[in-house]
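Here are the chains, one letter per residue:
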Amino acid sequence: MNTSLARSPAPVRDQAETPSAIRLKRASAIAEIRTKANCGQRPLGIPTIRDRVAQMAVLLVLGPIFDEDLFPWQYGFREGMDAKMALRRIHFGIADRGAREVVDADLADYFNTIPHGDLLRCVARRVSDGTVLATIRQWLDAPVVERAD
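If you're wondering where the values come from, they're calculated on a predicted model, not measured in any experiment. Residue indices follow the written sequence of each chain, beginning from 1 at its first position. Local features in a predicted model are, by the rule used here, given only for residues with pLDDT of at least 70; side-chain atom pairs are given and counted only at 80 or more, and totals for whole chains, interfaces and linings are based on all residues. Computation of side-chain values covers all heavy atoms of the structure but excludes hydrogens and water.

Peer 1: Explain the overall build of the chain to me, using residue names and the numbers behind them.
Peer 2: Put simply, DSSP marks the helices as runs of H or I at least four residues long and the strands as runs of E at least two long, and each gets a number from the N terminus on. Along its length, the chain carries 5 helices and 5 strands. Helices (α) and strands (β) of the chain occur, in sequence order from the N terminus, as α-β-β-β-β-α-α-α-α-β. Only protein chains enter the accessibility calculation, which uses a 1.4 Å probe; a residue whose area is less than 20% of its type maximum is buried, one above 50% is exposed, and one in between is partly exposed. Looking at the chain residue by residue over its 149 residues, the buried ones come to 21%. Contacts were defined at the residue level, with two residues in contact if any of their heavy atoms lie within 4.5 Å. Across the chain, every contact between residues at least 6 apart in sequence was considered, and the portion connecting residues at least 24 apart equals 62%.

Put into structure tokens, the structure is as follows:
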């Protein structure tokens, strides 16, 4: 599907400029860190309001395009689906089968290690607008600045 920048919301057109640096909050303040079970802590990156508005505009346009590729039982980061729905599906799936074992798997720190080139090649299979792709690349490459409070 071709997503034309000319038809894109103003925040996306305006975002064609270089995105701002992402602020990284320090690990010293407990409220500023997302704690992950069994994985320690990870810094919380905070984009500027301008960048966040543009990111949401891109999500609203591209989300439905990529949602078509997902299976019905994939719940993560999807409109109208949440963790409770996933847990209910697991519960009833186990109960219906009379299973006694559950396997839990997690890809530790995966989002910090996704190869950006491969990711953008996958996105480019569905999005042909070069400006949108360049903007996404800029977000991925945005500098991270540690906040010195």
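Once the structure has been displayed, the description carries forward.
Peer 1: Could you give me a rundown of the packing of aromatic side chains, with the residues and numbers involved?
Peer 2: Two rings belonging to Phe, Tyr or Trp (six-membered ring only in the last case) form a pair when the distance between their centres is within 6.5 Å. Interplanar angles under 30 degrees mark stacking, angles over 60 mark edge-to-face geometry, and anything in between is tilted. Following the criterion strictly, the structure yields 1 aromatic pair and no others. Ring plane angle 5 degrees and centroid distance 4.7 Å describe the contact between F71 and W73, whose orientation is recorded as stacked. When the NZ atom of lysine or the CZ atom of arginine is within 6 Å of a ring's centre and also within 35 degrees of its normal, the charge is said to sit over that ring. Sitting above the plane of the F66 ring, R126 keeps its charged end 5.9 Å from the centroid.

Peer 1: Hey, could you go over the pattern of salt bridges for me, with residue numbers and the actual values?
Peer 2: Here a salt bridge means any side-chain nitrogen of Lys or Arg lying within 4 Å of a carboxyl oxygen belonging to Asp or Glu. Applying the stated criterion across every chain, the model contains 6 salt bridges. Its salt-bridge partner being D69, residue R126 comes within 2.5 Å of it at the nearest N-O pair. Note that R126 is positioned in the loop between helix 4 (116-124) and helix 5 (130-141) and D69 in the loop between helix 2 (49-67) and helix 3 (83-97), a separation of 57 residues in sequence. R121 is paired through a salt bridge with D118; the nearest N and O atoms lie 2.3 Å apart. With R121 and D118 both in helix 4, this residue pair falls 3 residues apart, about one helical turn. According to the relative accessible area criterion, D118 is partly exposed, its value standing at 40%. Within this structure, E68, D69 and R126 form a network of salt bridges that share partners.

Peer 1: Lay out helix 3 with the relevant residues and their values.
Peer 2: Each residue after the first adds 1.5 Å to the expected span of a helix. Relative to the 21 Å expected for 15 residues at 1.5 Å per residue, helix 3 spans 21 Å between its end C-alpha atoms, a close match to the ideal helical length. Residues adjacent in sequence count toward polar contacts only when both atoms are side-chain atoms; beyond that, a polar contact is any pair of N or O atoms within 3.5 Å, and within protein one must be able to donate a hydrogen and the other to accept it. The opening residue of helix 3 is D82, an N-cap whose side-chain oxygen sits 3.2 Å from the backbone nitrogen of K84. At the exit of helix 3 stands G98, carrying a positive phi of roughly 70 degrees.

Peer 1: Break down a nonpolar patch on the surface for me, citing the residues and quoting the values.
Peer 2: Taken together, the side chains of M56, L59 and L60 present a nonpolar region at the surface, about 290 Å² in accessible area. Among the secondary structure elements, L60 is positioned in helix 2. Overall, L60 belongs to the exposed group, its relative accessible area being 61%. What makes a patch is a set of residues exposed beyond 30% relative accessible area and free of salt bridges, joined within 9 Å when like-charged and within 5 Å when nonpolar (Val, Leu, Ile, Met, Phe, Trp, Tyr). The Shrake-Rupley method, run with a 1.4 Å probe sphere, supplies the accessible areas, and residue values consider only the shown protein chains as cover.

Peer 1: For the packing of helix 4 against helix 5, give the residues involved together with the corresponding values.
Peer 2: Orientation is described by lines fitted to C-alpha atoms, with helices fitted over the stretch in contact, and by angles between N-to-C directions that extend from 0 to 180 degrees. Where helix 4 contacts helix 5, the axes come no closer than 11 Å and their chain directions differ by 155 degrees. Judged by the angle between their axes, helix 4 and helix 5 are roughly antiparallel. Pair helix 4 / helix 5 crosses with right-handed handedness. Of the residues in helix 5, those touching helix 4 at H116, G117, L119, L120, V123 and A124 are L133, I136, R137, L140 and D141. Orientation categories follow fixed angle ranges, with anything under 35 degrees roughly parallel, anything over 145 roughly antiparallel, 65 to 115 roughly perpendicular, and all other angles oblique. When the near helix sits turned anticlockwise from the far one by under a right angle, the crossing is termed left-handed; a clockwise turn instead gives a right-handed crossing.

Peer 1: Can you lay out the environment of R78 for me, pointing to particular residues and giving the numbers?
Peer 2: With respect to the helices and strands, the residue R78 is situated in the loop between helix 2 and helix 3. Sequence separation between R78 and D67 is 11 residues, and the spatial gap between their C-alpha atoms is 7.5 Å. Here the side chain of R78 touches F71 through a polar contact of 2.8 Å, landing on its backbone oxygen.

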